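# Architecture at a glance
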Amino acid sequence: MNPHIDDWSRKRVWLLGASSGIGAALGRLLLARGARVALSARKARQLQAVANGAPQALVLPCDAADEASLCSAWDSLLAAWGGVDVALYVAGDYLPMRAWELDVPRARQMIDVNFGGAVAFAARVVPQLLQQGEGQIGFVASVAGYRGLPKSLIYGPTKAALINFAEALYLDLHPQGIGVRVINPGFVATPLTAQNDFAMPALLTPEQAAVETLAGFAGSAFEIHYPKRFTRAMKWLSLLPYSWYFPLVRRITGG
(Lines give C-alpha, C1' and ligand atoms only; values in the text may rest on other atoms or scores of the structure.)
Protein backbone atom coordinates (compact mmCIF):
# COMPACT_ATOMS: atom_id res chain seq x y z
CA MET A 1 0.00 0.00 0.00
CA ASN A 2 2.83 2.42 0.89
CA PRO A 3 6.55 2.41 0.04
CA HIS A 4 8.72 0.72 2.68
CA ILE A 5 11.39 2.70 4.50
CA ASP A 6 14.04 0.42 5.98
CA ASP A 7 16.97 2.84 5.76
CA TRP A 8 16.50 6.40 7.07
CA SER A 9 20.04 7.57 6.33
CA ARG A 10 19.99 10.91 4.49
CA LYS A 11 16.18 10.95 4.35
CA ARG A 12 14.84 14.49 4.73
CA VAL A 13 12.21 14.38 7.47
CA TRP A 14 10.06 17.23 8.79
CA LEU A 15 8.65 16.63 12.27
CA LEU A 16 6.06 19.14 13.39
CA GLY A 17 5.46 18.67 17.11
CA ALA A 18 9.02 17.63 17.99
CA SER A 19 9.61 19.37 21.32
CA SER A 20 8.28 16.65 23.67
CA GLY A 21 6.58 13.27 23.86
CA ILE A 22 6.44 11.06 20.78
CA GLY A 23 7.70 13.85 18.51
CA ALA A 24 10.88 14.44 20.52
CA ALA A 25 11.54 10.71 20.79
CA LEU A 26 11.05 10.33 17.03
CA GLY A 27 13.43 13.20 16.39
CA ARG A 28 16.18 11.63 18.48
CA LEU A 29 15.66 8.19 16.97
CA LEU A 30 15.64 9.47 13.39
CA LEU A 31 18.83 11.45 13.98
CA ALA A 32 20.43 8.33 15.46
CA ARG A 33 19.45 6.44 12.30
CA GLY A 34 21.12 8.98 10.05
CA ALA A 35 18.14 10.99 8.84
CA ARG A 36 18.23 14.71 8.25
CA VAL A 37 15.54 15.99 10.57
CA ALA A 38 13.81 19.37 10.60
CA LEU A 39 12.42 19.85 14.10
CA SER A 40 9.45 22.16 14.57
CA ALA A 41 7.33 23.17 17.56
CA ARG A 42 6.77 26.36 19.54
CA LYS A 43 9.55 25.79 22.12
CA ALA A 44 12.90 26.49 20.48
CA ARG A 45 14.96 25.56 23.55
CA GLN A 46 13.41 22.11 23.74
CA LEU A 47 13.96 21.62 20.01
CA GLN A 48 17.64 22.48 20.46
CA ALA A 49 17.83 19.86 23.21
CA VAL A 50 16.37 17.23 20.86
CA ALA A 51 18.81 18.25 18.10
CA ASN A 52 21.70 18.01 20.61
CA GLY A 53 24.09 19.64 18.16
CA ALA A 54 23.59 17.03 15.43
CA PRO A 55 24.85 18.50 12.13
CA GLN A 56 21.96 16.95 10.19
CA ALA A 57 19.33 18.58 12.42
CA LEU A 58 17.49 21.74 11.40
CA VAL A 59 15.63 23.63 14.14
CA LEU A 60 12.62 25.51 12.78
CA PRO A 61 10.36 26.79 15.57
CA CYS A 62 6.74 27.39 14.64
CA ASP A 63 3.22 27.21 16.03
CA ALA A 64 1.16 24.43 14.44
CA ALA A 65 -2.06 26.38 15.06
CA ASP A 66 -0.71 29.53 13.36
CA GLU A 67 -0.75 29.06 9.59
CA ALA A 68 1.59 31.99 8.92
CA SER A 69 4.13 30.59 11.40
CA LEU A 70 3.84 27.11 9.89
CA CYS A 71 4.29 28.48 6.36
CA SER A 72 7.38 30.43 7.44
CA ALA A 73 8.97 27.25 8.83
CA TRP A 74 8.15 25.39 5.61
CA ASP A 75 9.69 28.14 3.48
CA SER A 76 12.87 27.95 5.57
CA LEU A 77 12.96 24.18 5.15
CA LEU A 78 12.56 24.49 1.37
CA ALA A 79 15.35 27.05 1.23
CA ALA A 80 17.65 24.73 3.19
CA TRP A 81 16.82 21.34 1.68
CA GLY A 82 14.64 21.90 -1.37
CA GLY A 83 11.91 19.62 -0.01
CA VAL A 84 11.29 16.57 2.17
CA ASP A 85 11.07 12.82 1.75
CA VAL A 86 8.82 12.26 4.79
CA ALA A 87 6.66 14.78 6.63
CA LEU A 88 5.14 13.81 9.99
CA TYR A 89 2.52 15.82 11.85
CA VAL A 90 2.95 14.91 15.51
CA ALA A 91 1.58 18.09 17.12
CA GLY A 92 -1.31 17.57 19.48
CA ASP A 93 -3.26 19.12 22.32
CA TYR A 94 -5.37 17.36 24.94
CA LEU A 95 -7.57 18.32 27.84
CA PRO A 96 -9.87 15.76 29.48
CA MET A 97 -13.39 17.12 29.12
CA ARG A 98 -16.90 15.97 29.95
CA ALA A 99 -20.20 17.34 28.60
CA TRP A 100 -20.78 19.46 31.74
CA GLU A 101 -17.26 20.90 31.45
CA LEU A 102 -17.46 22.00 27.81
CA ASP A 103 -15.13 24.96 27.39
CA VAL A 104 -15.41 26.54 23.94
CA PRO A 105 -12.03 28.38 23.87
CA ARG A 106 -10.17 25.23 24.94
CA ALA A 107 -12.21 23.17 22.51
CA ARG A 108 -11.25 25.51 19.68
CA GLN A 109 -7.60 25.28 20.69
CA MET A 110 -7.69 21.47 20.46
CA ILE A 111 -9.46 21.65 17.11
CA ASP A 112 -6.91 24.15 15.77
CA VAL A 113 -3.88 22.12 16.87
CA ASN A 114 -5.12 18.57 16.33
CA PHE A 115 -6.91 19.07 13.03
CA GLY A 116 -6.57 22.59 11.64
CA GLY A 117 -2.78 22.49 11.88
CA ALA A 118 -2.69 19.12 10.14
CA VAL A 119 -4.68 20.53 7.22
CA ALA A 120 -2.33 23.51 6.91
CA PHE A 121 0.64 21.13 7.14
CA ALA A 122 -0.70 18.99 4.30
CA ALA A 123 -1.44 22.07 2.20
CA ARG A 124 2.25 22.97 2.31
CA VAL A 125 3.76 19.50 1.94
CA VAL A 126 1.52 17.70 -0.55
CA PRO A 127 2.21 19.96 -3.58
CA GLN A 128 5.95 19.49 -3.09
CA LEU A 129 5.61 15.71 -2.81
CA LEU A 130 3.51 15.64 -5.97
CA GLN A 131 6.04 17.81 -7.77
CA GLN A 132 8.92 15.47 -6.94
CA GLY A 133 6.74 12.40 -7.60
CA GLU A 134 7.60 10.55 -4.39
CA GLY A 135 7.65 10.80 -0.62
CA GLN A 136 5.32 10.24 2.30
CA ILE A 137 3.17 12.22 4.70
CA GLY A 138 1.94 10.92 8.05
CA PHE A 139 -0.21 12.06 10.96
CA VAL A 140 -0.18 10.97 14.59
CA ALA A 141 -3.84 10.53 15.55
CA SER A 142 -5.04 8.21 18.32
CA VAL A 143 -7.18 5.18 19.08
CA ALA A 144 -9.40 7.77 20.80
CA GLY A 145 -10.52 8.62 17.27
CA TYR A 146 -12.05 5.19 16.71
CA ARG A 147 -15.20 5.93 18.71
CA GLY A 148 -16.58 8.20 21.45
CA LEU A 149 -15.00 7.78 24.90
CA PRO A 150 -15.56 9.34 28.34
CA LYS A 151 -13.44 12.47 29.01
CA SER A 152 -12.67 12.69 25.28
CA LEU A 153 -15.45 15.07 24.30
CA ILE A 154 -13.31 17.19 21.97
CA TYR A 155 -9.99 15.33 21.73
CA GLY A 156 -11.62 12.17 20.31
CA PRO A 157 -13.55 13.97 17.53
CA THR A 158 -10.41 15.88 16.45
CA LYS A 159 -8.53 12.59 16.13
CA ALA A 160 -11.47 10.99 14.30
CA ALA A 161 -11.38 13.90 11.85
CA LEU A 162 -7.63 13.44 11.41
CA ILE A 163 -8.04 9.72 10.67
CA ASN A 164 -10.75 10.47 8.10
CA PHE A 165 -8.61 13.21 6.55
CA ALA A 166 -5.66 10.82 6.20
CA GLU A 167 -7.93 8.20 4.60
CA ALA A 168 -9.14 10.72 2.03
CA LEU A 169 -5.57 11.85 1.34
CA TYR A 170 -4.53 8.25 0.78
CA LEU A 171 -7.29 7.72 -1.79
CA ASP A 172 -6.11 10.78 -3.71
CA LEU A 173 -2.34 10.42 -3.34
CA HIS A 174 -1.68 6.68 -3.53
CA PRO A 175 -2.37 6.59 -7.31
CA GLN A 176 0.17 9.44 -7.63
CA GLY A 177 2.89 7.40 -5.93
CA ILE A 178 2.78 9.33 -2.63
CA GLY A 179 2.61 7.41 0.66
CA VAL A 180 0.14 8.36 3.39
CA ARG A 181 0.24 7.02 6.94
CA VAL A 182 -1.91 7.44 10.02
CA ILE A 183 -0.35 6.54 13.36
CA ASN A 184 -2.82 5.57 16.10
CA PRO A 185 -1.07 5.00 19.44
CA GLY A 186 -2.72 3.81 22.58
CA PHE A 187 -1.61 5.41 25.86
CA VAL A 188 1.86 6.97 25.80
CA ALA A 189 3.45 8.65 28.84
CA THR A 190 3.67 12.31 27.80
CA PRO A 191 2.99 15.68 29.45
CA LEU A 192 -0.50 15.53 27.93
CA THR A 193 -1.49 12.10 29.25
CA ALA A 194 -0.06 13.07 32.66
CA GLN A 195 -3.35 14.97 33.10
CA ASN A 196 -5.32 11.71 33.20
CA ASP A 197 -6.67 10.63 36.58
CA PHE A 198 -7.49 7.08 35.48
CA ALA A 199 -5.51 3.90 34.85
CA MET A 200 -3.94 3.79 31.39
CA PRO A 201 -3.56 0.16 30.26
CA ALA A 202 -0.53 -0.88 28.21
CA LEU A 203 1.14 2.49 28.78
CA LEU A 204 4.22 3.01 26.58
CA THR A 205 7.16 5.38 26.89
CA PRO A 206 7.67 7.91 24.09
CA GLU A 207 10.81 6.00 23.10
CA GLN A 208 8.83 2.78 22.71
CA ALA A 209 6.25 4.65 20.63
CA ALA A 210 8.98 6.05 18.38
CA VAL A 211 10.43 2.58 17.77
CA GLU A 212 6.95 1.22 16.96
CA THR A 213 6.30 4.11 14.58
CA LEU A 214 9.46 3.57 12.55
CA ALA A 215 8.82 -0.18 12.55
CA GLY A 216 5.51 0.63 10.91
CA PHE A 217 7.25 2.59 8.17
CA ALA A 218 9.30 -0.53 7.42
CA GLY A 219 6.01 -2.07 6.30
CA SER A 220 3.45 -0.89 3.79
CA ALA A 221 0.32 -0.51 5.94
CA PHE A 222 -1.68 2.71 5.88
CA GLU A 223 -2.38 2.51 9.62
CA ILE A 224 0.38 2.08 12.19
CA HIS A 225 -1.12 1.25 15.59
CA TYR A 226 0.39 0.14 18.87
CA PRO A 227 0.62 -1.53 21.35
CA LYS A 228 -1.26 -4.27 19.53
CA ARG A 229 -2.60 -5.92 22.71
CA PHE A 230 -4.48 -2.68 23.43
CA THR A 231 -5.26 -1.30 19.97
CA ARG A 232 -6.75 -4.58 18.76
CA ALA A 233 -9.15 -4.51 21.71
CA MET A 234 -10.10 -0.93 20.83
CA LYS A 235 -10.72 -1.95 17.23
CA TRP A 236 -12.99 -4.75 18.41
CA LEU A 237 -14.93 -2.33 20.62
CA SER A 238 -15.38 0.06 17.70
CA LEU A 239 -17.21 -2.65 15.72
CA LEU A 240 -19.86 -3.32 18.37
CA PRO A 241 -23.43 -2.04 17.94
CA TYR A 242 -24.16 0.97 20.13
CA SER A 243 -26.53 -1.06 22.32
CA TRP A 244 -23.50 -3.13 23.38
CA TYR A 245 -20.80 -0.50 23.07
CA PHE A 246 -22.17 2.14 25.44
CA PRO A 247 -22.81 -0.14 28.47
CA LEU A 248 -19.51 -1.96 27.98
CA VAL A 249 -17.42 1.22 27.75
CA ARG A 250 -19.15 2.67 30.81
CA ARG A 251 -18.37 -0.51 32.72
CA ILE A 252 -14.74 -0.58 31.60
CA THR A 253 -13.99 3.10 32.19
CA GLY A 254 -16.30 3.78 35.09
CA GLY A 255 -17.66 6.60 32.94
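First, a word on what this report is: a plain description of the structure on this page. Given the structure is predicted, the values throughout are model-derived calculations rather than measurements.

## What to know about the packing of aromatic side chains
The description of an aromatic ring pair uses the distance of the two centres, along with the angle that the planes make with each other. Applying the stated rule across the entire model yields 13 aromatic pairs. Residues Y94 and Y155 carry aromatic rings whose centres are separated by 4.9 Å and whose planes lie at 70° to one another, so their mutual orientation is edge-to-face. One end of the pair, Y94, is in the loop between strand 4 (86-89) and helix 4 (104-132); the other, Y155, is in helix 5 (residues 155-173), and 61 residues separate them in sequence. Y155 shares its class with Y94; the two are buried. A centroid spacing of 5.2 Å and a plane angle of 20° characterise the contact between Y242 and F246, whose relative ring orientation is stacked. Pair noted here: Y242 and F246 are both in helix 8 (residues 242-253), with a separation of four residues, about one helical turn. The exposure class of Y242 is exposed, given its relative accessible area of 51%. Owing to a relative accessible area of 41%, F246 belongs among the partly exposed residues under this scheme. Through a chain of ring-to-ring contacts, the aromatic side chains of W14, W74, Y89, F115, F121, F139 and F165 assemble into a single cluster.

## Focus on the nonpolar core
One finds W14, Y89, F121, V125, I137 and F139 to be the most contacted residues of the largest nonpolar core, which totals 38 residues. When contributions to this core are tallied by element, the ones reaching two or more residues are strand 1 (12-16), helix 3 (67-81), strand 4, helix 4, strand 5 (136-140), helix 5 and strand 6 (179-185). Residues contacting I137, with those up to four places away along its chain left out, are A87, F121, A122, V125, V126, L129, G179, V180 and R181.

## Some details on the packing of helix 1 (residues 21-32) against helix 6 (residues 206-217)
It is the contact of helix 1 with helix 6, at a shortest axis distance of 8 Å, that shows an interaxial angle of 60°. With respect to helix 6, the element helix 1 is oriented oblique. For the crossing formed where helix 1 meets helix 6, the hand is right-handed. On the side of helix 1, the interface is formed by G21, I22, A25, L26, R28, L29 and L30, while helix 6 contributes P206, E207, A209, A210, V211, T213 and L214.

## Observations concerning the sheet that holds strand 7 (residues 223-226)
Within the open sheet, the seven strands sit side by side as 3-2-1-4-5-6-7. Their pairing is parallel. Strands with a single pairing partner mark the edges of an open sheet, and in this sheet they are strand 3 (57-59) and strand 7. Going from strand to strand, the sheet's axes swing by 15° on average, the running direction of each strand aside. Of the pairings in the sheet, the one linking strand 2 (residues 36-40) to strand 3 comprises three bridges and is parallel in character. Bridging across to strand 3, L39 finds its partner in V59. Lying on the sheet, helix 1 is in contact with strand 1, strand 2, strand 3, strand 4, strand 6 and strand 7; it crosses strand 1 at an angle near 165°.

Cut-offs used in this document
- Residues numbered from 1 in each chain as written.
- Predicted model: local features only at pLDDT ≥ 70, side-chain atom pairs only at ≥ 80, totals over all residues.
- Heavy atoms only, no water.
- Phe/Tyr/Trp six-rings, centres within 6.5 Å; stacked < 30°, edge-to-face > 60°.
- Helix = DSSP H or I, 4+ residues; strand = E, 2+ residues; numbered from the N terminus.
- Buried < 20%, exposed > 50% of the residue type's maximum accessible area, 1.4 Å probe, protein only.
- Core = buried A, V, L, I, M, F, W, Y, C linked by side-chain atoms within 4.5 Å.
- Contact = heavy atoms within 4.5 Å.
- Axes fitted to C-alpha atoms, helices over the stretch in contact; angles between N-to-C directions.
- Parallel < 35°, antiparallel > 145°, perpendicular 65-115°, else oblique.
- Left-handed = near helix turned anticlockwise from the far one by under 90°.
- Pairing = 2+ DSSP bridges.

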